[in-house]
Every structure is written in structure tokens, then in C-alpha cells.
Amino acid sequence: MLEIEKEVERGILFIRLEGTLTNKTFTTFGEEINYLLYNQGISNFVFDFTNISKVEDNIISKIQSKLVEIFLNCGKVVMCGMSELFRKKVGFTK
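In this text the structure is predicted, and so the values were computed from the model without any measurement.

Right, let's get into unusual backbone geometry. One non-glycine residue, Arg10, adopts positive backbone phi at about 55 degrees. By the element assignment, Arg10 lies in the loop between β1 (2-9) and β2 (12-21). With a relative accessible area of 82%, Arg10 lands in the exposed category. The backbone of Cys74 shows a phi angle near 60 degrees, a positive value even though the residue is not glycine. Mapped onto the elements of the fold, Cys74 is located in the loop between α2 (59-72) and β4 (76-80).

Right, here's the structure in full:
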């Protein structure tokens, strides 16, 4: 189960995720991002992964694809609360 909490502050959308991130729950998350990006025109996102208890391995490529999609729409993303291993898999450095 994945809970998505959204809050807009100064034109930036904060998305706090809680629960497990699996193929099934990522579909819901991806649809939510698409709606906000394309229908609402939001381009600045902060994803908070602090309360994610489990991430399936194949989700990393889906997250990367979603990030590219946001960047291609001139958006900006901040990701926080990720473990060191998760950060390396996504491709971030210090």
C-alpha cells in the first residue's frame, strides 16, 4: 500500500510517500505525476521517500523514466529521504 500526501507551497509541489513502492503502487504514483505535470502544469516537485519501507528493484528504472519526463517538460525535481544504496541506483551523487 502506498499513501501519497501532496502539499503546494510557493509553487512547489511536495509529495510525501509512505508505504511500499511496487509495480502496482508505482502505476498509481505515475498517473498522479502525469496528471499534475500535464493537466495542472506543475513543474517543480519535491519527492520525499523518507517513509518508504520497501522498494522493488525494477522500480528504479521507472523512477528514472519519470524524472526524465519531468525534466523534458522543463521541470525541476528534488528527491529526499533516500538511502545511500537507493541513491546510487537512481544515479545521484553528492
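This is not the end of the story, as more comes after the structure.
Let's shift gears to the sheet that holds β2. Sheets are built from strands that pair by backbone hydrogen bonding, the pairs being arranged parallel or antiparallel. Here we have 4 strands laid out as an open sheet, ordered β1-β2-β3-β4, and mixed in their pairing. Each edge of the sheet is formed by a strand with only one pairing partner; in this case those strands are β1 and β4. Put simply, the sheet's adjacent strands are angled 20 degrees from each other on average, direction ignored. Here 5 bridges tie strand β3 (residues 44-55) to β4, and the two strands are oriented parallel to one another. Bridge assignment links Phe45 to a residue of β4, and that residue is Val77. With respect to the sheet, helix α1 (residues 23-39) is in contact with β1, β2 and β3, its orientation differing from that of β2 by roughly 170 degrees. Each of β2, β3 and β4 touches α2; the most contacted strand, β4, lies at about 145 degrees to it.

Calculation rules
Residues numbered from 1 in each chain as written. Predicted model: local features only at pLDDT ≥ 70, side-chain atom pairs only at ≥ 80, totals over all residues. Heavy atoms only, no water. Helix = DSSP H or I, 4+ residues; strand = E, 2+ residues; numbered from the N terminus. Buried < 20%, exposed > 50% of the residue type's maximum accessible area, 1.4 Å probe, protein only. Pairing = 2+ DSSP bridges. Axes fitted to C-alpha atoms, helices over the stretch in contact; angles between N-to-C directions. Contact = heavy atoms within 4.5 Å.

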